[in-house]
Amino acid sequence: MPRIPTAAILVLAGIAAGCGAEPEDPIYADTHPLSVPVTITPSIQIASGQVILYKASNVGMGPAALRLQVYTEDNGIPAFYQDFKIPPGNTVSYVYAPPPVDLDLGGVSVQAPQAVRATFGPIPRVDQNVMRQVVANVQIMRAQQDGEGNATLDPPIVVPLSHCNFEPRGTVPYIGGTWYWNCAPGVYPLKPVVR
Amino acid sequence: MKFFRLLGTTLGGLVLLAAVLLGAAATFGFNPGTLHPGLWLTGEVATEKVTDWDWARKARGLTGIQTRDHIVPFMAFSINGSRFIYKGKMYLGSGYPTGAVMPEKRHWNKNIVADPRVRVRIDGKLYDGKLTYLTDEALHDEICRQYGSNLWMPGFYIHLWEFEHTPSES
């Protein structure tokens, strides 16, 4: 008689385990599908009269949906973002003139445009791999007017950019994984998660 | 013949066991944990309508969310989730990494898409109501700005539902 309850419990446990188990899930099986390539700028301090020119070229065969997020130095939440839909082969540009703030330079206080950094990345819910087909470029520009009202453009200053992977590991908030940045994927390539 | 008798007894026993376990869970409750879902939530049901949820900012613990199972309608399915309070309203959120489309991979999301009636547990009290998906992107951003940089990670998107307390319908 004790065989029957034992068998019942074993079968029940088997059914429960079978029903509860997720099939091999391509999203969770490895982190690669969750990796988000992004291009980021360092924090840029421009001088008065200069502006920042952000450019993104879609070198892919299909359209690209891109989000430019701009951050101040004291906040992890973007000050603002701008979305772009870029047709194949096209380039979009965005000019940003940061608002003036007090800047302390070694004890000297001056009014200067606010320092900002930015990320070129995907628009959530669209295509996390968009940066694989986008070449980004950031330049510091200044247009000057001569006495006769003619505007001339100073030679642009090209800002160096970093290519990072936003890689989940471990425990993500609300999902069950941990996000971390890998801004040197060439040096520290993504390794499969050991399970 | 003996085999079929054993099979019948086993299946009957399983059905009985499942019924007893479900009955116990429905009667006494089975709350979700941090790593496992639950069934029916336990707690005292609030009968007075709540219209301002600001107090819930300081309430302890996660938010228990009990949904109606979309596969087995009489079954409850609950999880511990996160609440977002903004301008007196309460929103429940479900974050998705890039590459995952709501409600994929989330049983409770599939449930609320099929039936938005839920029971919410905050600080041991239960609130019956319904959820409405937040489609206003500007409002979505405003709420996310209140809750830190985690919600602004590249490609990450948290889906939000506004909770309306409807105690009379409980």
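Residues numbered from 1 in each chain as written. Chains lettered and ligands numbered in written order. Predicted model: local features only at pLDDT ≥ 70, side-chain atom pairs only at ≥ 80, totals over all residues.

1. Observations regarding the overall build of chain B
Thought 1: A count of helices and strands for chain B gives 3 helices and 7 strands.
Thought 2: Principal axes of the C-alpha set define a box for chain B whose edges measure 70 × 40 × 25 Å.
Thought 3: A total of 170 residues make up chain B; the buried ones form 29% of that total.
Thought 4: Look at the contacts in chain B between residues 6 or more apart in sequence, and 66% of them connect residues 24 or more apart. (Helix = DSSP H or I, 4+ residues; strand = E, 2+ residues; numbered from the N terminus. Buried ≥ 20, exposed ≤ 12 C-beta atoms within 10 Å, placed from the backbone. Contact = placed C-beta atoms within 7 Å.)

2. Considerations on the nonpolar core
Thought 1: Ranked by size, the top nonpolar core spans 55 residues in total, and within it Ala56, Leu66, Phe120 and Val134 of chain A together with Tyr91 of chain B carry the most contacts.
Thought 2: Of all the elements, strand E7 (residues 157–165) of chain B adds the most residues to this core, at 5 residues.
Thought 3: The contact partners of Val134 of chain A, leaving out residues within four places of it in the chain, are Ala56, Ser57, Asn58, Ala64, Leu66 and Phe120 of chain A. (Core = buried A, V, L, I, M, F, W, Y, C linked by C-beta atoms within 7 Å.)

3. Brief notes about the domain arrangement of chain B
Residues and elements named next belong to chain B.
Thought 1: With domains assigned, chain B is organised as domain 1 (1–30) and domain 2 (31–169).
Thought 2: Centre-to-centre separation of domain 1 and domain 2, based on C-alpha positions: 33 Å.
Thought 3: Taken together, the residues that form the side of domain 1 that touches domain 2 break down as 3 nonpolar, 1 polar and no charged. (Domains from an automatic or database assignment. Nonpolar A, V, L, I, M, F, W, Y, C, P; charged D, E, K, R; others polar.)

4. Remarks on the confidence of the model for chain A
Residues and elements named next belong to chain A.
Thought 1: Here chain A averages 80 in pLDDT, while 71% of its residues score no lower than 70.
Thought 2: No element of chain A has a lower mean pLDDT than helix H2 (residues 26–29), at 39, and none a higher one than strand E2 (residues 51–58), at 98.
Thought 3: Note on residues 4–32: pLDDT under 50 across the span, and 28 contacts to partners over four residues away in sequence or across chains. (pLDDT = per-residue confidence, 0-100.)

5. A word on the environment of Gly38 of chain B
Residue and element names in this part refer to chain B.
Thought 1: When you line up the elements, Gly38 lands in the loop between helix H1 (2–28) and strand E1 (44–45).
Thought 2: When the 21 C-beta atoms within 10 Å are taken as the criterion, Gly38 is described as buried.
Thought 3: In the structure, Gly38 is positioned 27 residues away from Ile65 in sequence and 9.5 Å away in space, judged by C-alpha atoms.
Thought 4: Not counting the four nearest positions on each side in its chain, Gly38 is found in contact with Phe30, Asn31, Pro32 and Ser78.

6. Concerning unusual backbone geometry
All names here are of chain B.
Thought 1: A cis amide bond, omega 5 degrees, links Met102 with the succeeding residue Pro103.
Thought 2: Tracing the backbone shows Pro103 in the loop between strand E4 (89–96) and helix H2 (107–114).
Thought 3: A positive phi angle is found at Lys87, which is not glycine, with a value near 50 degrees.
Thought 4: The backbone of Asp123 shows a phi angle near 50 degrees, a positive value even though the residue is not glycine.

7. Some remarks on the sheet that holds strand E12 (residues 157–159) of chain A
Residues and elements named next belong to chain A.
Thought 1: What the 4 strands build is an open sheet, ordered E5-E2-E9-E12; its pairing is antiparallel. Strand pairing shows two members of the sheet lacking a second neighbour, strand E5 (91–96) and E12, which therefore form its edges. Looking at each pair of strands side by side, their axes are set apart by 25 degrees on average, direction ignored.
Thought 2: Judged from the 3 bridges that link them, strand E9 (residues 134–141) and E12 form a sheet pairing that is antiparallel. Bridge pairing in E12 places Gln139 opposite Val158. (Pairing = 2+ DSSP bridges. Axes fitted to C-alpha atoms, helices over the stretch in contact; angles between N-to-C directions.)

8. A few points about the environment of Tyr157 of chain B
Thought 1: Mapped onto the elements of the fold, Tyr157 of chain B is located in strand E7.
Thought 2: Tyr157 of chain B gets classed as buried once you count the C-beta atoms within 10 Å, which come to 20.
Thought 3: It is 9.9 Å that separates the C-alpha atoms of Tyr157 of chain B and Met102 of chain B, two residues lying 55 residues apart in sequence.
Thought 4: Setting aside its immediate chain neighbours within four residues, Tyr157 of chain B contacts Pro124 and Arg125 of chain A together with Tyr96 of chain B.

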